[in-house]
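Residue strings, one per chain:
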Amino acid sequence: MDFGLSEEQKLIVETTRAFVENELYPHEREVERTGVLRRELIEELKAKAIEAGLYAANMPTEVGGAGLDTVTWLLYEKELGRANYALHWTCVARPSNILLAGTPEQREKYLFPCIRGEKWDCLAMTEPGAGSDLRGMKATAVQDGEDWVLNGTKHFISHADLADFAIVFMASGEEETSRGKRKKITAFFVDKGTKGFAVRDGYRNVSHRGYTNAILEFDDCRLPGAQVLGEVHKGFDVANSWLGATRLQVGATCLGRAERALGHAIEYAAQRQQFGQQIGKFQGVSFKLADMATELKAADLMVFEAGWKYDQGTVTDQDMAMAKLKATEMLAFVADEAIQIHGGMGLMDDLPLERIWRDARVERIWEGTSEIQRHIISRALLRPFGA
């Protein structure tokens with residue numbers, strides 16, 4: 001096995017890290033303290049990201065992206081993950097891969113403008129009563145002639161206030177299965193401004209300040225059939241085909257933040273003196289550093305092994321669940337220990353540690369909770385035995 005990086009990968013890491021440190025870090029304090037990402041700042045940083053070749057880098061070259069393989073893409077995500085989430089996700093946008101599932105007409109209307117930085121997309125699945133259990137969604141799409149009529153509510157929809165359109169998943173029927181009735185799901189493109197579609201302010205979040213969420217309301221929202229993404233009643237197939245690596249993306253951004261937190265902890269332990277010596281010489285601190293570094297290393301290997309297997313076509317749901325579970329729980333541990341090493345200073349907003357600590361909490365919830373990841377893993381372990 002070769003764990004080394006190619007020259008191209010090294011260049012991407014260096015370029016992305018330099019952009020994050022020089023262009024994003026200087027704005028973190030403003031976003032953290034105000035909870036607002038100003039539109040003029042977004043446009044300024046977006047232009048710089050496009051010029052640097054970092055914008056929409058997750059997309060294939062044939063549609064205008066960088067054409068990164070999964071491992072290289074995760075290296076890129078890891079570096080971006082060092083910064084405030086709102087800054088790197090909004091200003092260095094990576095349009096949802098699910099846009100690639102669109103028809104040629106839909107690509108022209110939605111995909112290419114997102115790649116050029118002219119539009120933003122958002123993805124709407126979660127409902128007040130349907131989070132981990134997406135089959136429990138109650139928002140409906142009913143066919144009426146050539147049209148579809150959407151009704152219901154979605155919430156926790158990331159940056160929907162900025163988005164020009166939403167990719168919305170709705171219950172569009174039922175089918176009989178061996179486990180009883182199961183809802184069929186269809187995905188739709190819904191443009192902002194469509195009659196019957198409203199975007200309301202969401203909830204104040206302790207994590208990822210400046211990265212907003214919204215509530216989407218559908219009240220007899222009528223759409224032509226051309227707005228269906230993929231096949232009717234096959235929304236989950238579309239999602240599973242195009243959104244599979246998002247859990248690895250979460251894991252990679254967690255690695256970046258954990259590295260930043262560990263770096264601060266090592267530097268502080270080497271400089272801070274108590275009882276006549278650097279605190280890093282006390283086992284109570286040095287052993288924490290050793291455990292933090294070991295956990296980070298383990299998570300890093302799991303995320304990138306899963307990314308390598310994704311490129312080989314051999315990755316499993318279990319691989320991605322393990323990587324996401326390990327990386328998100330590792331970040332929580334590293335962030336907490338970094339604060340403990342800093343003592344009271346760790347909780348002051350002069351350092352990014354309290355932000356990393358707060359932000360870490362949501363990572364064990366979105367893109368599948370830790371409990372869901374453990375369910376996927378345990379099911380894979382027991383399935384060969386018929387259990």
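One structure accompanies this document, and this report is about it. (Residues numbered from 1 in each chain as written. Predicted model: local features only at pLDDT ≥ 70, side-chain atom pairs only at ≥ 80, totals over all residues. Heavy atoms only, no water.)

**Topic: the overall build of the protein chain**
The secondary structure content of the protein chain amounts to 12 helices and 10 strands. Radius of gyration (C-alpha) of the protein chain: 22 Å, near the 21 Å computed for a compact globule of 387 residues. With the principal axes as the frame, the protein chain shows a C-alpha extent of 80 × 55 × 40 Å. For the protein chain, buried positions account for 49% of its 387 residues. Across the protein chain, contacts joining residues at least 24 apart in sequence account for 74% of those joining residues at least 6 apart. Taken as a whole, the protein chain presents about 18500 Å² of accessible surface, with 52% of it coming from carbon and sulfur. Computing the positive centroid from 47 side-chain charges and the negative centroid from 57, the protein chain places the two 4 Å apart. (Helix = DSSP H or I, 4+ residues; strand = E, 2+ residues; numbered from the N terminus. Rg over C-alpha atoms; globule rule 2.2 N^0.38 Å. Buried < 20%, exposed > 50% of the residue type's maximum accessible area, 1.4 Å probe, protein only. Contact = heavy atoms within 4.5 Å. Areas by Shrake-Rupley, 256 points an atom, 1.4 Å probe, with all protein chains shown as cover. Lys, Arg positive; Asp, Glu negative; His and termini not counted. Charge placed at Lys NZ, Arg CZ, Asp CG, Glu CD.)

**Some points on the pattern of salt bridges**
Under the counting rule described, the total for this entry stands at 31 salt bridges. Residue Arg-222 pairs with Asp-144 through a salt bridge whose shortest N-O separation is 2.9 Å. Of this pair, Arg-222 sits in strand S7 (residues 213-224) while Asp-144 sits in strand S2 (residues 140-144), and the two are 78 residues apart along the sequence. Taking relative accessible area as the criterion, Arg-222 reaches 41% and is therefore assigned partly exposed. (Salt bridge = Lys/Arg side-chain N within 4 Å of Asp/Glu carboxyl O.)

**Looking at helix H7 (residues 235-242)**
Residue pairs spaced three or four apart in an α-helix point in one direction, given the helix's 3.6 residues per turn. Gly-235, Phe-236, Val-238 and Ala-239 are the residues of H7 that are buried. Buried residues in H7, looked at end-on, bunch into an arc of 160°, giving them a common side. Opposite the buried face of H7, at more than 90 degrees from it, the exposed residues are Asn-240 and Ser-241. Elements in contact with the buried residues of H7: strand S4 (165-177), strand S5 (180-191) and strand S8 (228-229). (Arc of directions from axis to C-beta.)

Note that all results are geometric; they support no functional claim without further evidence.
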